[in-house]
Amino acid sequence: MSAPAILSSEEEQPVSSAPSRRSAVLGGGARLALGLLLPLLLALGWEVAVATGLSSGRLLPPPSRIGAALWTLAASGELWMHVEATLIRVGLGFAFGASAGILAGALTATLPPLRWLVDPSLQALRAVPSLAWVPLFILWFGILETPKVALIAVGVFFPVYIGVAGAIASVDRKLVEVGRIFRLSKAALARRILLPAVLPATLTALRTGLGLGFLFVVAAELMGASEGLGYLLLDGQQFSKPDQILAAIISFAVVGKAADAGLVALTNPLVRWQDTARETL
């Protein structure tokens, strides 16, 4: 038998593990560079179009003017004040809305009578536009922080509720039967079979809810807010400052992406056991 054929797995492992880790790091850098390529090309193209006179740039300023507006807001500290206010509101609304969504989804999915009683009403309320809640919340809670957080919580609640209830309802019946064959208690069945089965879909629902939280915060900050990125948008519209409006939109994009990446980083260890094609697709 030739020498390569009799190499043990222990001798082969150190050779293959280091390149795999290196390729993972390089792959992450390549994905980041590729993700930045499209917005950079669009920004460069628009800058050239305005500089060459193909567009006036009055209603859609070039990136240089938007960057100058961002720098001015950041240097004065105003941008950080608005970002902090928005993040606090989204964080509180996400915490309340996600907690309520997980609880309601779990209860309605596991208790059929409760599902028949509650789910039709929740599905009807899900179709109500976000701005329709604004006058009611102002009437109930005033114009301070409570109605803003409540509106964001409403936006987060529904995707989390739908995701959790759907994940529990779609658990493979054979998995539950295997647990019963091994005589697992209800607590052990939930911990060892149901929880791993519904966790990936639940985490996806949480990401969707967080994204909707950032959508709803704009409507929330129309309710008498004096700070926040939504207020910065409204201020730019009232005083005809398209560079400020676009600076606020870019800030929303960056902050929202950072929050989503943070949520993914925090929850990835919970699904590390999955053997999926996520990295190869």
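None of these values were measured; they are calculated from a predicted model. (Residues numbered from 1 in each chain as written. Predicted model: local features only at pLDDT ≥ 70, side-chain atom pairs only at ≥ 80, totals over all residues. Heavy atoms only, no water.)

### Side note on the overall build of the protein chain
Next up, step 1: The helix and strand tally for the protein chain stands at ten helices and zero strands.
Next up, step 2: When the helices and strands of the protein chain are placed in sequence order, the string is α-α-α-α-α-α-α-α-α-α.
Next up, step 3: A buried classification covers 32% of the 281 residues belonging to the protein chain.
Next up, step 4: Accessible surface computed for the protein chain: about 17500 Å², of which carbon and sulfur atoms make up 69%. (Helix = DSSP H or I, 4+ residues; strand = E, 2+ residues; numbered from the N terminus. Buried < 20%, exposed > 50% of the residue type's maximum accessible area, 1.4 Å probe, protein only. Areas by Shrake-Rupley, 256 points an atom, 1.4 Å probe, with all protein chains shown as cover.)

### Some words on the side chain of Thr108
Next up, step 1: Along the chain, the position of Thr108 falls in helix α3 (residues 78–110).
Next up, step 2: A polar side-chain atom of Thr108 sits 2.8 Å from the main-chain carbonyl oxygen of Ala104.
Next up, step 3: When near neighbours in sequence (up to four residues on either side) are disregarded, Thr108 contacts Leu114, Arg115, Val118, Tyr161 and Ala165. (Polar contact = N/O pair within 3.5 Å; in protein donor to acceptor, adjacent residues only side chain to side chain. Contact = heavy atoms within 4.5 Å.)

### Some remarks on the confidence of the model for the protein chain
Next up, step 1: Per-residue pLDDT for the protein chain has a mean of 80; in total, 86% of the residues score no lower than 70.
Next up, step 2: Taken element by element, the protein chain is modelled with least confidence in helix α1 (residues 9–51), mean pLDDT 64, and with most confidence in α3, mean pLDDT 91.
Next up, step 3: Ignoring residues within four places in sequence, the model shows residues 1–18, a span with pLDDT below 50, making two contacts including any to other chains. (pLDDT = per-residue confidence, 0-100.)

### Things to note about the environment of Lys148
Next up, step 1: Looking at where Lys148 falls in the secondary structure, it is placed in helix α6 (residues 145–169).
Next up, step 2: The spacing of Lys148 and Val134 is 14 residues in sequence and 8.7 Å in space, taken between C-alpha atoms.
Next up, step 3: A polar contact is formed between the side chain of Lys148 and the backbone oxygen of Leu144, at a distance of 2.8 Å.

### Focus: unusual backbone geometry
Next up, step 1: One non-glycine residue, Ser240, lies in positive phi territory at about 55°.
Next up, step 2: Tracing the chain through its elements places Ser240 in the loop between α9 (229–238) and α10 (242–267).

### Side note on the packing of α3 against α9
Next up, step 1: Relative to each other, α3 and α9 sit at 125°, their axes nearing to 7 Å. Relative to α9, α3 is oriented oblique. Each of Glu78, Leu79, His82, Val83 and Thr86 in α3 lies in contact with α9, whose residues at this interface are Leu229, Gly230, Tyr231 and Leu232.
Next up, step 2: When grouped by side-chain class, the residues that make up the contact of α3 with α9 number five nonpolar, three polar and one charged. (Axes fitted to C-alpha atoms, helices over the stretch in contact; angles between N-to-C directions. Parallel < 35°, antiparallel > 145°, perpendicular 65-115°, else oblique. Nonpolar A, V, L, I, M, F, W, Y, C, P; charged D, E, K, R; others polar.)

### As for the pattern of salt bridges
Next up, step 1: Here the structure, examined in full by the defined rule, presents three salt bridges.
Next up, step 2: Notably, a salt bridge pairs Glu221 with Arg89, separated by 2.8 Å at the nearest N-O pair. With a gap of 132 residues between them, Glu221 in the loop between α8 (186–220) and α9 and Arg89 in helix α3 connect regions that are remote in the sequence. Neither Glu221 nor Arg89 differs from the other in exposure class; each is buried.
Next up, step 3: Three or more residues joined by partner-sharing salt bridges are found here, namely Arg89, Glu145 and Glu221. (Salt bridge = Lys/Arg side-chain N within 4 Å of Asp/Glu carboxyl O.)

### What about helix α4 (residues 112–126)?
Next up, step 1: Along its 15 residues, α4 runs 20 Å from first to last C-alpha, staying within 8% of the 21 Å computed at 1.5 Å per residue.
Next up, step 2: At Val118, α4 shows its largest kink, close to 40°, and the proline Pro120 lies no more than four residues downstream. (Expected span 1.5 Å × (residues − 1). Bend = angle between axes of the 7 residues up to and from the residue.)

### Looking at the packing of helix α7 (residues 173–181) against α8
Next up, step 1: One can describe the packing of α7 onto α8 by two numbers: an axis separation of 10 Å at closest approach and a directional angle of 145°. Where α7 crosses over α8, the two elements pack in a sense that is right-handed. Listed contacts from α8 to Leu175, Val176 and Gly179 of α7 are Leu189, Ile193 and Leu194.
Next up, step 2: Classifying every residue of the contact of α7 with α8 gives five nonpolar, one polar and no charged. (Left-handed = near helix turned anticlockwise from the far one by under 90°.)

### A look at the nonpolar core
Next up, step 1: Ranked by size, the top nonpolar core spans 39 residues in total, and within it Phe94, Leu151 and Leu206 carry the most contacts.
Next up, step 2: Secondary-structure elements contributing two or more residues to this core are α2 (63–76), α3, α5 (134–141), α6, α8, α9 and α10.
Next up, step 3: Setting aside chain neighbours within four positions, we find Phe94 in contact with Ser99, Ile152, Val156, Leu206, Gly209, Leu210 and Leu263.
Next up, step 4: Among the nonpolar cores identified, the runner-up in size contains six residues, and Val171, Val176, Leu189 and Val198 belong to it. (Core = buried A, V, L, I, M, F, W, Y, C linked by side-chain atoms within 4.5 Å.)

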